[in-house]
Amino acid sequence: MSALPKASPPGLFVAIVGPSGAGKDALIRGLAARLGEADGVHYPRRVVTRPAGPFEDHDSLAEAEFMAARQAGAYALAWSAHGLHYGVPRDIEARLAAGGAVVCNVSRAVVAEIRRLYRPSLVVLVVARPETLATRLAARGRDDVAARLARNAVAPTFEPDATIDNDGPLDEAAARLFELVVARLRAPVR
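Quick look at the structure, then. (Residues numbered from 1 in each chain as written. Predicted model: local features only at pLDDT ≥ 70, side-chain atom pairs only at ≥ 80, totals over all residues. Heavy atoms only, no water.)

A short note on the overall build of the chain
Reasoning step 1: In terms of helices and strands, the chain carries 7 helices and 9 strands.
Reasoning step 2: Residues counted as buried form 47% of the 190 residues belonging to the chain.
Reasoning step 3: Counting only carbon and sulfur atoms, one obtains 55% of the accessible surface of the chain, whose full area is about 9,200 Å². (Helix = DSSP H or I, 4+ residues; strand = E, 2+ residues; numbered from the N terminus. Buried < 20%, exposed > 50% of the residue type's maximum accessible area, 1.4 Å probe, protein only. Areas by Shrake-Rupley, 256 points an atom, 1.4 Å probe, with all protein chains shown as cover.)

Encoded structure:
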């Protein structure tokens, strides 16, 4: 495969959003396996106030440490969901300023902020049937499956740039994400 052109400054923020259990992190891993970090593509590790597990790859902090880091400006983006706190490290801004691309699993609640702060951006909504979401959440040992499904049933307050159905084979959904990201990286800067 030929090298992709590096995104021209400012870089591209690819926001992967969707309900709990949709497979956002699995898709990002699938994209990274195809695209890697060559050509300035970066997959930041989020900071979460929950220990990491086999389904999510993130750095963990206790709530007090997270809040102190947030107060100190350590995060470019931060939000709360499901009784937890999430943050995207501020170092993404230097990567974007240098013309790189950042691909990150973020909350639907920060989409407007991403579109305001980081242009260009690509917002990809990942979806799956409620039965699939419930099965995946139960397999992760989540004890709040009903609450997460109820939250997921609320229609997004934004229009995604693309939607990926991740109810079928993961490889097909990851290939679709790859196509979307590569197309946006190759698009002329507006």
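Having seen the model, we can carry on.
Some points on the nonpolar core
Reasoning step 1: Counting residues in hydrophobic clusters, the biggest one holds 27 residues, and the most contacted among them are I16, L31, L35, V103, L177 and V181.
Reasoning step 2: Taken together, the elements giving at least two residues each to this core come down to β1 (12-17), α1 (24-35), β7 (101-105), β8 (121-127), β9 (162-165) and α7 (170-186).
Reasoning step 3: With 8 residues, α7 is the single largest residue contributor to this core.
Reasoning step 4: With 23 residues, the next largest nonpolar core counts V48, A76, Y86 and F158 among its residues. (Core = buried A, V, L, I, M, F, W, Y, C linked by side-chain atoms within 4.5 Å.)

Things to note about the environment of A128
Reasoning step 1: Assignment of secondary structure puts A128 in the loop between β8 and α5 (130-139).
Reasoning step 2: The exposure class of A128 is buried, given its relative accessible area of 14%.
Reasoning step 3: Every residue in contact with A128, bar those within four places of it in the chain, is listed here: L133, R136, N166 and D167. (Contact = heavy atoms within 4.5 Å.)

Brief notes about the packing of aromatic side chains
Reasoning step 1: Counted according to the given criterion, the structure contains 3 aromatic pairs.
Reasoning step 2: Aromatic pair F66 and Y75: ring centres 4.7 Å apart, planes at 20°, arrangement stacked.
Reasoning step 3: Judged by centre distance (5.6 Å) and plane angle (5°), the ring pair of W79 and Y86 falls under stacked.
Reasoning step 4: Residue classification places W79 among the buried residues on the basis of a relative accessible area of 6%.
Reasoning step 5: Given a relative accessible area of 5%, Y86 falls into the buried group. (Phe/Tyr/Trp six-rings, centres within 6.5 Å; stacked < 30°, edge-to-face > 60°.)

Digging into the sheet that holds strand β4 (residues 59-60)
Reasoning step 1: Taken together, the 4 strands give an open sheet; going across it, the order is β4-β3-β6-β5, and neighbouring strands pair in mixed fashion. With partners counted over all chains shown, the strands left at the sheet margins are β4 and β5 (75-81), one partner each.
Reasoning step 2: In the packing of helix α2 (residues 63-71) onto the sheet, the strands contacted are β3 (47-48), β5 and β6 (84-89), and the crossing angle to β5 comes to about 140°. (Pairing = 2+ DSSP bridges. Axes fitted to C-alpha atoms, helices over the stretch in contact; angles between N-to-C directions.)

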